[in-house]
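Below are the chains, spelled out letter by letter.
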Amino acid sequence: MVARWTVLAPLLQAVTAGRDLLDDTISRLTPDAVTDALLAEIGEHDVRLDLTFAGRTTSHLRTDSDVTVSLDLADAVRGLYGTGERPWPSLAVRTPDPELDERGVAGWFHRRKGLADAVQQLLSALRPGRRDLGELAVEFGSDKWGDLHWYTQHYERHFARLRDEPVKVLEIGIGGWESPDSGGGSLRMWQRYFRRGLIHGLDIVPKTVTGPRITAIQGDQSDAGFLDRLGRELGPFDVVIDDGSHFNDHVRTSFHALFPHVRAGGLYVVEDLQTAYWPSWGGHPDAPAGTSMGLLKSFVDGLNQAEVRDPGGQGSYLERNISGISFHHNIAFVEKGRNDEQGGPAFMRTLY
C-alpha cells in the first residue's frame, strides 16, 4: 500500500497542472507504475488498451482482442483523475474490417454495434461521470442514505467544493460489525465520489476492504495517543468522519486527538448524534457538557468568544481554529479555519 500511494499522491496532485508538469511527474514515478495505478481503477474490459508515453507503447487488458483503444498515458490519467471535461486529443480506435458475408450490409453494421459498446465502456471507466452521492451510497451499500440515515444530501452540500480536489479522507468505522470481510461500503463510495482522493478507513476490527485508493487501518478510536500518531503519519486530512462506536467519550477523545490534524479549510464530521441523548451510550436527555453534542454546542459559543473574552485575547486552540459549524438531523459538520476576527468594542457590552 505504501509503495502504491507513493505513486498516487504526487500523481493526483499533478493531474490538473500543466502538461509539462504531468509528463515530468509520470517520468519520475515511471510510466509502468502510473499504468498499474490506472489499471487498478478501471477493472477488466473486453478490448485491448494501448498506452503511449515518450514514444513507448504498452498493451493491456484483453491483448488478444481485435478491438484496440489507443491513448496517450497522460491523457488517460487526466481523464480518470481530472475534472472530466477535457476531450481525448490522442484517442484512436482500431476495429476489424471483415468482408461482407451472407447477412449483408445490415448484418455487418449490427455486429459493429457491439464493438462500440465495448469501447464506450472502457472510455466511461477512464472518465467516470459525476453521479449523485445518494446513488453512489446505494450502489456501494453505504448506510448513509436510505438505511437508517439520510445523510448524503448534507454531505453533498458540504463536500461539493472538495469533490475534484486531491483530498485525504479518514473515516472512523468501516462497518460490517465483527466480520473482517464485511463493510467498506462508505469507503468505496468516497473513493468514487472523490476522484482524486486517498481514502483511509479506521476500525477496531482488522478489515480486508481494499480499493485502488483505499487503505484499512486497525486501531482504537478511544486511544488518543494512537490517533495523534495516525494523524502525524497520514495527515493532514481534508475530511475526518466519525462513524465509529458513537459512544460519547469515544467521540470526544477522537475529536480532540484528530482535529489538530485536519487541514485548514477541511471538515470534521460527527455522525449519529442521537447517542448524545441516550444514557446507555454515555449520553443524557439534555446533552450537557461531557456528551458529544455538549462538546459541539460549546463550539457555537467559541465562534463568538471575541465578544466575550478580553479584547485582544487569543482564546483556546479550538476557539481560534473552528470557523463554522452546521447541524443537521443527527449529524454535524465542523469547519477548520481561522477564527480571530476582532470583537466589538468593550463599551458596547454595557451601553444600555
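Scoring rules and cut-offs
Going along each chain's sequence as written, the residues are numbered from 1 onward. Totals for whole chains, interfaces and linings use every residue, but because this is a predicted model, local features are given only for residues with pLDDT of at least 70 and side-chain atom pairs only at 80 or more, for both listing and counting. Each side-chain value is derived from all of the structure's non-hydrogen atoms; neither hydrogens nor water enter the calculation. Runs of H or I in DSSP of at least four residues are treated as helices and runs of E of at least two as strands, each being numbered from the N terminus. Note on classification: 1.4 Å probe, protein chains only; a residue is buried when its accessible area is under 20% of the maximum for its type, exposed when over 50%, partly exposed between these limits. Contacts are assigned to residue pairs that have any heavy atoms within 4.5 Å of one another. Strand pairing follows a simple DSSP-based rule, namely that at least 2 bridges must link the two strands. Axis definition: a line fit to C-alpha positions, over the contact stretch in the case of helices; interaxial angles, taken between N-to-C directions, run 0 to 180 degrees. Definitions used throughout: a 1 Å grid over protein atoms alone; a cavity as a set of points that fits a 1.4 Å probe which cannot get out; a pocket as an open set with protein on both sides within 12 Å along at least five of seven lines; a lining residue as one with an atom within 4 Å of a point. Grid points are joined across faces, edges and corners, and a volume is the space filled by probe spheres set on the points. Three residue categories are used. Nonpolar comprises Ala, Val, Leu, Ile, Met, Phe, Trp, Tyr, Cys and Pro, charged comprises Asp, Glu, Lys and Arg, and polar comprises the others, including Gly.

(A) Structural context of the overall build of the protein chain. Each helix and strand in the protein chain was counted, giving 12 helices and 11 strands. Taking the principal axes of its C-alpha atoms as reference, the protein chain extends roughly 95 × 45 × 40 Å. A total of 352 residues make up the protein chain; the buried ones form 47% of that total. Long-range contacts, defined here as pairs at least 24 residues apart, represent 63% of the contacts in the protein chain between residues at least 6 apart.

(B) Broad picture of the sheet that holds strand S8 (residues 237-242). Taken in spatial order, the seven strands make up an open sheet running S7-S6-S5-S8-S9-S11-S10, and their pairing is mixed. Each having just a single partner strand, strand S7 (214-218) and strand S10 (322-328) make up the two edges of the open sheet. For this sheet the average axis-to-axis angle between neighbouring strands, irrespective of direction, equals 15°. Pairing analysis gives five bridges linking strand S9 (residues 262-271) to strand S11 (residues 331-336), with the strands arranged antiparallel.

(C) Structural detail: the environment of valine 167. Its place among the elements puts valine 167 in the loop between helix H7 (152-159) and strand S5 (168-172). Here the alpha-carbon distance between valine 167 and leucine 136, two residues 31 residues apart in the chain, equals 18 Å. Those residues in contact with valine 167 that lie beyond four places of it in its chain are Leu162, Phe194, Arg196, Gly197, Leu198 and Asp238.

(D) Looking closely at empty space enclosed by the protein. For the structure on display, the rule yields two cavities of 30 Å³ or more. The space that makes up the largest cavity amounts to roughly 60 Å³. Forming the walls of the largest cavity are Pro31, Asp32, Thr35, Leu51, Thr52, Phe53, Arg56, Thr58 and Leu73. Secondary structure elements with two or more residues in the lining of the largest cavity: helix H3 (31-42), strand S1 (48-53) and strand S2 (56-61). Taken as a whole, the second largest cavity holds about 40 Å³ of empty space. Looking at the lining of the second largest cavity, its residues break down into two nonpolar, one polar and five charged.

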